Amino acid sequence: MAAKGDYKKFCWEINNFSSLKTDERCYSVPVMIGDLKWRLFSIIKGCKADYLSVNLEVAHCQPLPSGWRRYVKFSITVVNQRSQQFCVQKETQRWFEQDAPGWGFAEMLPLTKLNANDSGFLVDGHVMIAAEIEVLEVIGTLDESEESVQSNDKVNKTQEVKESIDVNGFQVLPSQVESVRRIFEKHPDIAVGFQVKNQHLRKTFMNFLVNVIETLCQSLQELSNEDLVEIDIGLTYLKDAGFKVDWLEKKLDQVKEKKEKEQSGLVILQGIEKQLHDLMHKCETKKSEVLSIGAPLKFDDVV
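Conventions adopted
Residues numbered from 1 in each chain as written. Predicted model: local features only at pLDDT ≥ 70, side-chain atom pairs only at ≥ 80, totals over all residues. Heavy atoms only, no water. Helix = DSSP H or I, 4+ residues; strand = E, 2+ residues; numbered from the N terminus. Buried < 20%, exposed > 50% of the residue type's maximum accessible area, 1.4 Å probe, protein only. Contact = heavy atoms within 4.5 Å. Areas by Shrake-Rupley, 256 points an atom, 1.4 Å probe, with all protein chains shown as cover. Salt bridge = Lys/Arg side-chain N within 4 Å of Asp/Glu carboxyl O. Patch = residues over 30% accessible without salt bridge, like charges linked within 9 Å, V, L, I, M, F, W, Y side chains within 5 Å. Pairing = 2+ DSSP bridges. Axes fitted to C-alpha atoms, helices over the stretch in contact; angles between N-to-C directions. Lys, Arg positive; Asp, Glu negative; His and termini not counted. Charge placed at Lys NZ, Arg CZ, Asp CG, Glu CD. Expected span 1.5 Å × (residues − 1). Arc of directions from axis to C-beta. Phe/Tyr/Trp six-rings, centres within 6.5 Å; stacked < 30°, edge-to-face > 60°. Lys NZ or Arg CZ within 6 Å of the ring centre and 35° of its normal. Core = buried A, V, L, I, M, F, W, Y, C linked by side-chain atoms within 4.5 Å.

Colleague: Honestly, the overall build of the protein chain in this entry has me stumped. Any pointers?
Modeller: Along the protein chain, the regular secondary structure elements total 7 helices and 11 strands. Each of the 303 residues in the protein chain was classed as buried or not, and the buried ones make up 39%. Taking the contacts inside the protein chain whose residues are at least 6 apart along the sequence as the reference set, 66% of them involve residues at least 24 apart. In the structure as shown, the protein chain presents an accessible area of about 18000 Å², 53% of it carried by carbon and sulfur atoms.

Here it is in structure tokens:
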């Protein structure tokens, strides 16, 4: 039986990574979390050219029953096997549903970076992926009989209403209550121009707003340029619906500026690291020469 708080952390080693074909899917061994199994799968290039894509999905051989939903927080890390400091991690929270049982990161890691010599991501042909998965919200079960499914549909609708809490006229998930309250405390007029009356649509818009803010809260290393473009589009979508998000637009501009500085700084840092590597190599070579010159003569060398 699935329950809120079900949690699992596991590692997946992709063997013979270099031999994988473009757009070929590679799957991890499924792990049991709550009432069903989950697994990771990766795609070389995939829908985003020149990137490693890593995704999480429900590993259930039968169709999921109507009304089945799980709100899941998960992080995926491409492990740097030489230094933990350079691991690449991305995190998100998503609904997994009957029609959408999988989600992931299309631009997890550039292939040029992954395949680079001494990058630490590809070692002896192996790539290591770590995952942390936590189930935050549970709606429905895996009982697939017709009678149970029909019964579950009714129960799930009631359960979904009970698990929604009203905050300033918006039905939100228990896990989002504190976040939504803080939004209205700091920006009480944010939804003054939002005229939608349908509660399901209102809930969808507020969930979207919270997800946008949570995405902005990710570290610069986790945020890709594509993420920032999507946030920009999302803010336009919210603004057109009547939300006052000028404060979020300003914050987005600040994050974009920091991202540009980070990227330029990384380019400079990589150049310095290369120079340092070359200098260390010269140092070791010169050190060997000096030691060989200073070595004491043998008896036969003198006589």
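Picking up after the structure, the text goes on.
Colleague: Just to check I follow, could you spell out the pattern of salt bridges for this structure?
Modeller: Side-chain pairs of opposite charge can arise where the charged atoms are in close proximity. Tallied over the full model, the rule gives 10 salt bridges. In this structure, the salt-bridge partner of K244 is D189, at a minimum N-O distance of 3.0 Å. Of the two residues, K244 is situated in the loop between α5 (225-241) and α6 (246-293) and D189 in the loop between α3 (177-186) and α4 (199-216); the sequence distance between them amounts to 55 residues. Overall, the relative accessible area of 40% leaves K244 in the partly exposed class.

Colleague: Help me understand a nonpolar patch on the surface in this model?
Modeller: The grouping of L276, L279 and M280 at the surface amounts to a nonpolar patch, some 310 Å² of accessible area in total. Here M280 is to be found in helix α6.

Colleague: Explain the side chain of S75 here, please?
Modeller: Tracing the backbone shows S75 in strand β6 (residues 69-78). Relative accessible area serves as the criterion here: at 5%, S75 is assigned to the buried category. If near-sequence neighbours (up to four positions away) are discounted, S75 is found in contact with Q89, K90, E91, A130, A131 and E132.

Colleague: Honestly, the sheet that holds strand β7 (residues 88-97) in this entry has me stumped. Any pointers?
Modeller: Backbone hydrogen bonds are what pair the strands of a sheet, in a parallel or an antiparallel way. Strands sit in the order β1-β9-β6-β7 across an open sheet of 4 strands; the sheet is antiparallel. Each of the sheet's edge strands pairs with one partner strand only, and the pair in question is β1 (7-14) and β7. Mean inter-strand twist for the sheet, computed between neighbouring axes without regard to direction, equals 20 degrees.

Colleague: For this particular structure, what's the right way to read a positive patch on the surface?
Modeller: A cluster of basic residues, R182, K186, K251 and K258, forms a positive patch at the surface. Position of K186 among the secondary structure elements: in helix α3.

Colleague: How should I be thinking about α5 in this particular structure?
Modeller: Along an α-helix, residues three or four positions apart point the same way, because every turn accommodates 3.6 residues. Between the first and last C-alpha of α5 there are 25 Å, a value that for 17 residues agrees with the 24 Å anticipated at 1.5 Å per step. What α5 keeps buried is the set D227, L228, I231, G234, L235 and L238. Within α5, the buried residues cover an arc of 115 degrees as seen down the axis, which keeps them to one side. Looking at α5, the residues exposed on the side facing more than 90 degrees away from the buried face are I233 and D240. Backbone geometry just downstream of α5 places G242 in the positive-phi region, at approximately 115 degrees.

Colleague: Whenever I open this one, α6 confuses me. Can you help?
Modeller: A rise of 1.5 Å per residue sets the reference length of α6, with its 48 residues, at 70 Å; its end C-alpha atoms lie 70 Å apart and thus fit the reference within 8%. Listed as buried for α6 are L248, L252, V255 and K259. Looking at the buried side of α6, the elements it contacts are α4 and α5.

Colleague: So what exactly am I meant to see when it comes to the packing of aromatic side chains here?
Modeller: Both the distance between ring centres and the angle between the ring planes are used here to describe each pair of aromatic rings. Using the criterion set out here, one finds 14 aromatic pairs in the structure. With a centroid separation of 5.3 Å and 85 degrees between ring planes, the pair formed by F208 and Y237 is classed as edge-to-face. Within this pair, whereas F208 is found in helix α4, its partner Y237 is found in helix α5, the two being separated by 29 residues in sequence. Three or more aromatic residues link up through ring pairs in this structure, and these residues are F170, F184, F194, F205, F208, Y237 and F243. The side chain of R69 reaches across the aromatic face of W95, ending 3.9 Å from its centre. Its end group placed over the ring of W103, R94 keeps NZ or CZ at 4.0 Å from the ring centre.

Colleague: What am I meant to see in the nonpolar core here?
Modeller: Generally speaking, nonpolar side chains in soluble globular proteins are found buried as a group. By size, the foremost hydrophobic cluster in this structure holds 36 residues, and its most contacted members are W38 and I129. Once you skip the residues sitting within four places of it in the chain, I129 turns out to touch F10, C11, W12, I14, L40, V54, I76, T77 and V78. Formed by 27 residues, the second largest nonpolar core is a distinct cluster that contains F194, F205, L223 and L228.

Colleague: What's the story with the pairing of strand β9 (residues 127-139) in this structure? I'm lost.
Modeller: Counting buried residues in β9 gives 10 out of 13 residues, a clear majority hidden from the surface. Across 8 bridges, β1 lies against β9 in antiparallel orientation. When the sheet's bridge partners are listed, K8 is paired in β9 with I133.

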